[in-house]
Amino acid sequence: MEQKTKGISFANISLHRSEIMGVAMIFIVLFHVSLPRLSPFYGLWRMGNIGVDVFLFLSGMGLWYSLTGNASLKRFFTRRYLRIYPTWLLVACLYYVPRFWQGEHGWKQIADLAGDVLINWDFWLHDELTFWYIPAAMMLYLFAPAYVKLVSRHEAYRWLPVLMIVWCVAVQWVRPIHDAVGHIEIFWSRVPIFFIGINCGALVKQGLSISAQSVWLLLAAAVLSLGVDIHLEQTRHGLFPLFIGRMLYIPATFCLVLLLANWLSAVPQPIKRALRLVGTVSLEMYLLHAHFVLVHLPRQQWGYWGTFLACFAITLPLAWLLNKGMEKITKRFER
């Protein structure tokens, strides 16, 4: 790996970060539109789930910038949580409060409502997957400063994500660990890619590049990783632990992000502007599309692609309005 002006540049990940987030959001919406199990494209459809890993990778990369700058930890946490938490709080209230009024109203239900709205505690307690990405991301933010400080002082600790992969294996197959924390396997199996993203933040910041010939290695790694997972999902879905697929997402995510970041340099500007718009409101789209839009669409009548296009067309302007509204509110607190 060497610093050059030509080749595959890590700096392009930062340059096209919003566009890549837009692509990841499209993957996630495609994944949430249901497809019959017997479809010949079922395995490929399941790969839309990799959009979450792309978000976490890019988020970790951005944290390296934030935490190695001059900003204090107070400012770091303020900026990060003001971007996510107020929007989460509003959407969580819109989702959970109506469900509360439809059921019992005892103290237990009130406490459960407060826990779900404030920190989505049913995810941590019972693996309730509604909006699970948000509490997972906020939890990872808490550990990011210590990790950045550690690897900045001791380079060898950049290998810690390998041990995190070992932990994922333990969560799946070591019975005491599985019984204690195995219900949130979907969280543990995404932890390595987040910290790998932090590691890559240093490469991006330094503007490092790898030779153009390495594109074939990156392509081979992405195709092999995704090809194995597509085959498993198509032929053996439900017969193997899902964390196996998420481990395959790790090399696939790294390679795809690096390739996509460099290929986007040649994409026409109108397409990049469209992807950038989607990426800018990706948080709001994630919160709105599945539980406020998609559930109300007549999927059987419109088919897969019709449902996807309708969901996207409705969610995007709603997400934009929510983004602009919350931006005005949070800027006052940030000042």
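Now for a description of the structure that goes with this document. (Residues numbered from 1 in each chain as written. Predicted model: local features only at pLDDT ≥ 70, side-chain atom pairs only at ≥ 80, totals over all residues. Heavy atoms only, no water.)

**Quick word on unusual backbone geometry**
For clarity, the threshold we go by: Each helix corresponds to a stretch of at least 4 residues labelled H or I by DSSP, and each strand to a stretch of at least 2 residues labelled E; elements are numbered beginning at the N terminus. Partly exposed describes any residue whose relative accessible area lies between the buried limit of under 20% and the exposed limit of over 50%, with all areas from a 1.4 Å probe on protein chains only and scaled to the type maximum.
Non-glycine residue Asp-127 carries a positive phi angle of around 60 degrees. Among the secondary structure elements, Asp-127 is positioned in the loop between α7 (121–126) and α8 (133–153). Its identity as a non-glycine residue notwithstanding, Phe-131 has a phi of 60 degrees, on the positive side. Its place among the elements puts Phe-131 in the loop between α7 and α8. Under the relative-accessibility criterion, Phe-131 is labelled buried at 2%.

**Remarks on the environment of Phe-55**
Within the element layout of this structure, Phe-55 appears in helix α4 (residues 50–67). Looking at Phe-55, the relative accessible area reads 7%, which means it is buried. Residues Phe-55 and Ile-193, spaced 138 residues apart in sequence, show a C-alpha to C-alpha distance of 9.6 Å.

**With respect to the nonpolar core**
Generally speaking, soluble globular proteins have nonpolar side chains that are buried together. Here is the rule: To form a nonpolar core, buried Ala, Val, Leu, Ile, Met, Phe, Trp, Tyr and Cys residues must be joined to one another through side-chain atoms within 4.5 Å. Working rule for contacts: check all heavy atoms of both residues, and any pair within 4.5 Å makes them a contact.
Core analysis: the largest hydrophobic core is formed by 101 residues, its most contacted members being Ile-13, Tyr-133, Ile-134 and Phe-194. At 11 residues, α8 tops the list of elements feeding residues into this core. Contact partners of Ile-134, with chain neighbours within four places excluded, come to Ile-84, Trp-88, Leu-283, Tyr-286 and Leu-287. Listed in part, the 5 residues of the second largest apolar core include Ile-50, Leu-226, Tyr-249 and Ala-252.

**Overview of the packing of aromatic side chains**
Using the following cut-off: Any two of the Phe, Tyr and Trp rings considered here, Trp counted by its six-membered ring, make a pair once their centres fall within 6.5 Å; the pair's planes then place it as stacked at under 30 degrees, edge-to-face at over 60, or tilted in between. Working rule: Lys NZ or Arg CZ, within 6 Å of ring centre, within 35 degrees of ring normal, means a charge sits over the ring.
Taken as a whole and judged by the stated rule, the model has 27 aromatic pairs. Ring geometry for Tyr-42 against Trp-45: centres 5.3 Å apart, planes inclined by 45 degrees, an arrangement best described as tilted. Here Tyr-42 and its partner Trp-45 are both found in helix α3 (residues 42–46), 3 residues apart, which amounts to about one turn of the helix. Residue class for Trp-45 comes out buried when judged on its relative accessible area of 14%. The interplanar angle of 90 degrees and the centroid separation of 5.1 Å between the aromatic rings of Phe-194 and Phe-195 together place this pair among those described as edge-to-face. We note that Phe-194, like Phe-195, is buried. Chaining the aromatic ring pairs together yields one cluster made of Phe-55, Phe-123, Trp-124, Trp-132, Tyr-133, Trp-167, Phe-187, Trp-188 and Tyr-286. Sitting above the plane of the Tyr-141 ring, Arg-80 keeps its charged end 5.5 Å from the centroid. Here Lys-205 stacks its cationic end above the ring of Tyr-65, 5.9 Å away from the centre of that ring.

**Side note on the packing of helix α2 (residues 17–32) against helix α16 (residues 282–293)**
The line we're drawing: Interaxial angles span 0 to 180 degrees and are taken between N-to-C directions of axes, which are lines fitted to C-alpha atoms, for helices over the stretch in contact. Each angle receives one of four descriptions, namely roughly parallel if under 35 degrees, roughly antiparallel if over 145, roughly perpendicular if within 65 to 115, and oblique otherwise. Here the term charged refers only to Asp, Glu, Lys and Arg, the term nonpolar to Ala, Val, Leu, Ile, Met, Phe, Trp, Tyr, Cys and Pro, and the term polar to all other amino acids, Gly among them.
Two elements in contact, α2 and α16, have axes whose closest approach is 10 Å; the angle formed by their N-to-C orientations is 5 degrees. When the interaxial angle is binned, α2 and α16 end up roughly parallel. Residues Met-21, Met-25, Ile-28, Val-29 and His-32 of α2 form the contact with α16, whose own contacting residues are Ser-282, Met-285, Tyr-286, His-289 and Ala-290. Of the residues in the contact of α2 with α16, the class split is 7 nonpolar, 3 polar and no charged.

**Points about the state of the cysteines**
Rules: The criterion for a disulfide is a pair of cysteine sulfur atoms lying within 2.5 Å.
This model, assessed by the stated rule, comprises 0 disulfides. For Cys-168, which is in no disulfide, the shortest distance to another cysteine sulfur is to Cys-200 and amounts to 17 Å. Here Cys-200 is not disulfide-linked; the sulfur of Cys-255 is the nearest cysteine sulfur, at 10 Å. Residue Cys-200 is classed as buried on the basis of its relative accessible area, which comes to 6%.

**Quick word on the layout of surface pockets**
Heads up, the condition is: Computed over the protein atoms alone on a 1 Å grid, cavities are sets of points where a 1.4 Å probe fits but cannot get out and pockets are open sets with protein on both sides within 12 Å along at least five of seven lines; a residue lines them when it has an atom within 4 Å of a point. Grid points are joined across faces, edges and corners, and a volume is the space filled by probe spheres set on the points.
The volume enclosed by the largest pocket comes to roughly 1,000 Å³. Along its surface, the largest pocket is lined by 33 residues, and Arg-17, Arg-79, Arg-80, Arg-83 and Ile-84 are the ones closest to its centre. Every element with two or more residues in the lining of the largest pocket is listed here: α2, α4, α5 (73–101), α8, α15 (269–280), α16 and α17 (299–334).

**So, empty space enclosed by the protein**
Evaluation of the coordinates by the stated rule reveals 1 cavity of 30 Å³ or more. In this model, the largest cavity occupies a volume close to 60 Å³. Taken together, Phe-31, Arg-46, Asn-49, Asp-229, Glu-233, Leu-242, Gly-245, Arg-246 and Tyr-249 form the lining of the largest cavity. Those elements giving two or more residues to the lining of the largest cavity turn out to be α13 (215–236) and α14 (242–263). Here the lining of the largest cavity takes 4 residues from α14, the largest share from any one element. Of the residues contributing to the lining of the largest cavity, the split by class is 3 nonpolar, 2 polar and 4 charged.

**Things to note about the pattern of salt bridges**
Operational definition: For salt bridges, the criterion is a side-chain nitrogen of Lys or Arg within 4 Å of an Asp or Glu carboxyl oxygen.
Under the criterion given, the structure shown has 6 salt bridges. With a shortest N-O distance of 2.9 Å, Arg-158 and Glu-155 are connected by a salt bridge. Arg-158 gets classed as buried once you look at its relative accessible area, which sits at 19%. A salt bridge links Glu-185 to Arg-246; its shortest N-O distance comes to 2.5 Å. Here Glu-185 is found in helix α11 (residues 185–188), whereas its partner Arg-246 is found in helix α14, with 61 residues between them in sequence.

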